[in-house]
Amino acid sequence: MKMREIITFEETGKSYYKDGEILENMETGEKFILKFGLLHPAYLSEEDIQEIAQDLKETIDNGLKDELKTLGLTTLTTYQDLRLRYLQMTDIDQYIEIGLTDSVALDLKRTQEMINDFQKIATLQMMEKLGVTMQMKLEDELKYNQEMNYIQMVIEEEIIKN
């Protein structure tokens, strides 16, 4: 006999048997589909679920502007804008899950913080690798600026690529 995977949600304490995309409540036998971080009755069609998704997306979109203001994000950086467009157009499941379980605006703020941290570390690593030092800045500022511009360009390409 095949062992079925069991999932327990900490928030509710309820346990479910997992069979592919279907979750079966261990107590009641009710079947659900886990989509967008929510349990949907398994009898819903894919069209019904997509309609729910569109409604959820619109709700999140409408609240996003206020969330951004609350966090002091009146304008998005290039990276935040890329992340938002990626979520809204490419990874709608994650966009909705973030919007329902956390905050899209907070996710965008965290994204910028992670990028800032990465840029600092990567800049120092590349400076060391290429031999760019403060001594170089004092001796040949033009060469130093060229090297730093190159480093920043490489880092930006890496961020956008990933």
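For clarity, every value in this text was computed on a predicted model and none was experimentally measured. Residue numbering note: each chain is counted from 1, following its sequence as written. The predicted nature of this model means local features are confined to residues of pLDDT at least 70 and side-chain atom pairs, given and counted, to a pLDDT of 80 or more, with totals for whole chains, interfaces and linings taken over all residues. Only hydrogens and water are set aside; all other atoms, that is, all heavy atoms of the structure, feed into the side-chain values.

A word on the nonpolar core
No. 1: In this structure, L64, L68, L84, Y95 and V104 are the most contacted members of the largest nonpolar core, which totals 14 residues.
No. 2: The dominant element in this core, judged by the number of residues it contributes, is helix α1 (residues 46-70), at five residues.
No. 3: With sequence-adjacent residues up to four places away left out, L64 is seen in contact with L84, Y95, V104 and A105.
No. 4: Buried Ala, Val, Leu, Ile, Met, Phe, Trp, Tyr and Cys residues form a nonpolar core when they are joined through side-chain atoms within 4.5 Å. Burial classes follow relative accessibility: with a 1.4 Å probe on protein chains only, a residue under 20% of its type's maximum area counts as buried, one over 50% as exposed, and anything between as partly exposed. One finds I115, V132, M148 and I155 within the second-largest nonpolar core, a separate group that totals 12 residues. The helix count covers DSSP runs of H or I at least four residues long, the strand count covers runs of E at least two residues long, and both are numbered beginning at the N terminus. Here, residues are in contact when the closest pair of their heavy atoms is within 4.5 Å.

Observations regarding the confidence of the model for the protein chain
No. 1: Note: pLDDT gives the predictor's confidence per residue, expressed from 0 to 100. Per-residue pLDDT for the protein chain averages 85, and the proportion of residues at 70 or more is 97%.
No. 2: Averaged pLDDT values for the elements of the protein chain fall to 72 in strand β5 (residues 38-41) and rise to 95 in helix α5 (residues 134-139).

Quick look at the environment of R85
No. 1: Topologically, R85 is positioned in helix α2 (residues 78-89).
No. 2: The exposure class of R85 is partly exposed, given its relative accessible area of 39%.

Thoughts on a negative patch on the surface
No. 1: Patches draw on residues past 30% relative accessible area with no salt bridge. Two like charges within 9 Å are joined, as are two nonpolar side chains (Val, Leu, Ile, Met, Phe, Trp, Tyr) within 5 Å. Under the convention used here, a 1.4 Å probe and the Shrake-Rupley method define accessible areas, while residue burial counts only the protein chains that appear. Each salt bridge in this description consists of a side-chain nitrogen of Lys or Arg and a carboxyl oxygen of Asp or Glu lying within 4 Å of one another. For the charge count, each Lys or Arg is scored as positive and each Asp or Glu as negative, with His and the chain ends excluded. To locate a charge, take atom NZ for lysine, CZ for arginine, CG for aspartate or CD for glutamate. Taken together, E21, E46, E47, D48, E51, D55 and E58 make up a surface patch of like negative charges.
No. 2: Residue position: E46 is located in helix α1.
No. 3: Assessed through its relative accessible area of 47%, E46 is described here as partly exposed.

A closer look at the pattern of salt bridges
No. 1: If you walk through the whole model with that rule in mind, you get five salt bridges.
No. 2: Among the ionic pairs, D61 bridges to K57, the shortest N-O distance being 2.7 Å. Placement of both D61 and K57 in helix α1 is noted, with a separation of four residues, approximately one turn of the helix.
No. 3: In this structure D61 comes out as partly exposed when scored by relative accessible area, which is 26%.
No. 4: Between K143 and E147 there is a salt bridge whose closest N-O contact spans 3.6 Å. With K143 and E147 both in helix α6 (residues 141-161) and four residues apart, this pair spans about one turn of that helix.
No. 5: Under the relative-accessibility criterion, K143 is labelled partly exposed at 37%.

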